[in-house]
Amino acid sequence: MSDTGTVLRELRGAQKPSKGVSIYSRYINRPAGRLLAAGAFRVGLTPNQVTLISAAFTFAAISAVALGEPTWKLGALVYAGLAIGFAFDSADGQLARLTGRGGPDGEWLDHVVDCAKMILVHSAVLISFHRFGGVPGEGWLLLPLGFLFVAVLTFCAGLLREQLGRAAGGPAPAGGAPASRARAVALLPADYGVFCLVFLLLGAPGAFRAGYAVLAAVHAVFLVAFLAKWFRELKALRAG
């Protein structure tokens, strides 16, 4: 069996393109996922098993948001669970490319877990607001519903853009020009890893609510920009 150093070198050579990836994912989450993928390879885990480990950490953290009274300690634990789950989410794809054991079943499972976590994390925030009184008025309960709408629509529209683009013989959204550092910085507010950081504020309900609202607004702006971009790209494929 290859040593860990050799595995890590092979994983570095099997990365996805960096275009469309924020600096958090590029310099923090992917390297963390690479270490986890190397460890998973050493102990003989499959990519699908790594996906399920990611789901276990993520869903445990989300459950804690809905069931536990907001405190600084809970916020730290929730962030740790979400961040570790996100790193394992990167590791499963890296392991699949390293071992050649990826397939449509693994891609399907990964997308199902991603969709589930987007739905559940905002639902958990809504439940927390309702149970523990983290909002000054009932109108604030609409905020997690709006964030949920934006997150799911972004996910579904992006996935459709990728699949329809491939069906039309065009490049995937991440193809084309080399990655830009400025673009990677600009995408930082929309990165899931950055979103996870807001849960460190659970111990201060007002600060958490403000941070969550700002992220919701930022994600809504990105959604509008992404929808316009993806529509233009697909229209160009038809014209071509």
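Conventions used here
- Along each chain, numbering runs from 1 in the same order as the chain's sequence is written.
- The predicted nature of this model means local features are confined to residues of pLDDT at least 70 and side-chain atom pairs, given and counted, to a pLDDT of 80 or more, with totals for whole chains, interfaces and linings taken over all residues.
- In computing side-chain values, all of the structure's heavy atoms are included and hydrogens and water are not.
- Whenever a helix is involved, its axis is fitted only over the stretch in contact; in every case the axis is a line through C-alpha atoms, and angles between N-to-C directions fall within 0 to 180 degrees.
- A run of H or I in DSSP becomes a helix once it reaches four residues, and a run of E becomes a strand once it reaches two; helices and strands are each numbered from the N terminus.
- An angle below 35 degrees is treated as roughly parallel, one above 145 as roughly antiparallel, one from 65 to 115 as roughly perpendicular, and anything else as oblique.
- Should the near helix be turned counterclockwise from the far one by less than a right angle, the crossing is left-handed, whereas a clockwise turn marks it as right-handed.
- Between two residues, a contact is recorded if the distance between any of their heavy atoms is within 4.5 Å.
- Classification used: nonpolar for Ala, Val, Leu, Ile, Met, Phe, Trp, Tyr, Cys and Pro, charged for Asp, Glu, Lys and Arg, polar for all others including Gly.
- Pairing of aromatic rings covers Phe, Tyr and Trp, the last through its six-membered ring, and needs centres within 6.5 Å; plane angles under 30 degrees mean stacked, over 60 mean edge-to-face, and all others mean tilted.
- Three labels apply to residues, based on accessible area from a 1.4 Å probe with only protein chains included: buried if under 20% of the type maximum, exposed if over 50%, partly exposed otherwise in between.
- To define a nonpolar core, start from buried Ala, Val, Leu, Ile, Met, Phe, Trp, Tyr and Cys residues and group those joined through side-chain atoms within 4.5 Å.
- An expected span of 1.5 Å times one less than the residue number is assigned to each helix.

A. Up close: the packing of helix 2 (residues 23-43) against helix 4 (residues 72-99). Packing of helix 2 against helix 4 brings their axes to within 7 Å, and their N-to-C directions diverge by 65 degrees. Classed by the angle they form, the pair helix 2 and helix 4 counts as roughly perpendicular. In the packing of helix 2 onto helix 4, the handedness of the crossing is right-handed. Residues Tyr24, Ser25, Asn29, Arg30, Ala32, Gly33, Arg34, Leu36, Ala37, Ala40 and Phe41 of helix 2 form the contact with helix 4, whose own contacting residues are Tyr79, Ala83, Phe86, Ala87, Phe88, Ser90, Ala91, Gln94, Leu95, Leu98 and Thr99. The class makeup of the residues in the contact of helix 2 with helix 4 is 14 nonpolar, six polar and two charged.

B. Structural detail: the packing of aromatic side chains. Across all of its chains, the model carries 14 aromatic pairs by this definition. Measuring from ring centre to ring centre gives 5.0 Å for Phe86 and Tyr192, while their planes differ by 75 degrees; the resulting arrangement is edge-to-face. Of this pair, Phe86 sits in helix 4 while Tyr192 sits in helix 8 (residues 192-197), and the two are 106 residues apart along the sequence. Like Phe86, the residue Tyr192 is buried in the burial classification. Plain terms: the ring middles of Phe222 and Phe226 are 5.7 Å apart, the flat faces sit at 45 degrees to each other, and that makes the pair tilted. One end of the pair, Phe222, and the other, Phe226, are both in helix 9 (residues 205-239), four residues apart, so they sit about a helical turn from each other. When sorted by exposure, Phe222 lands in the same class as Phe226, which is buried.

C. Structural view of the side chain of Asp89. In this structure, Asp89 sits in helix 4. Relative accessible area serves as the criterion here: at 15%, Asp89 is assigned to the buried category. The residues contacting Asp89, other than those within four sequence positions of it, are Ser54, Asp110, Asp114 and Lys117.

D. Region of the structure containing the nonpolar core. Within the largest apolar cluster, 30 residues are counted, with the highest numbers of intra-cluster contacts made by Val78, Leu82, Val125, Phe195, Phe199, Phe208 and Tyr212. When residues of this core are traced back to their parent elements, those giving at least two are helix 3 (47-67), helix 4, helix 5 (104-132), helix 6 (142-167), helix 8 and helix 9. Considering each element in turn, this core owes the most residues, six residues, to helix 4.

E. Looking closely at helix 5. Helix length check: helix 5, at 29 residues, gives a terminal C-alpha distance of 41 Å against a target of 42 Å (1.5 Å per residue), a fit within 8%. Phi turns positive one or two residues past the end of helix 5, at Gly133, with a value near 65 degrees.

F. Summary view of the environment of Leu200. Checked against the element boundaries, Leu200 lands in the loop between helix 8 and helix 9. Sequence separation between Leu200 and Ala80 is 120 residues, and the spatial gap between their C-alpha atoms is 9.2 Å. Beyond its immediate sequence surroundings of up to four residues, Leu200 is in contact with Trp72, Gly75, Ala76 and Tyr79.

G. Seen up close, the environment of Arg209. With respect to the helices and strands, the residue Arg209 is situated in helix 9. Each C-alpha atom, one on Arg209 and one on Phe129, is 9.2 Å from the other, the two residues being 80 residues apart in sequence. With sequence-adjacent residues up to four places away left out, Arg209 is seen in contact with Gly134, Val135, Pro136, Trp140 and Leu143.

H. Up close: helix 6. Between its first and last C-alpha, helix 6 extends 37 Å over 26 residues, near the 38 Å set by a 1.5 Å rise per residue. Looking at helix 6, one finds that the buried residues are Leu143, Pro144, Phe147, Leu148, Val150, Ala151, Phe155, Ala157, Gly158, Arg161 and Gly165. The inward-facing, buried residues of helix 6 abut helix 5, helix 8 and helix 9. Residue Gly169 follows helix 6 closely and has a positive phi angle near 80 degrees.

I. Spotlight on the packing of helix 6 against helix 9. At their nearest, the axes of helix 6 and helix 9 sit 9 Å apart, and the two run at 25 degrees to each other. Of the possible angle classes, the one that applies to helix 6 and helix 9 is roughly parallel. Between helix 6 and helix 9 the crossing geometry is left-handed. Of the residues contributing to the contact of helix 6 with helix 9, the split by class is 18 nonpolar, four polar and three charged.

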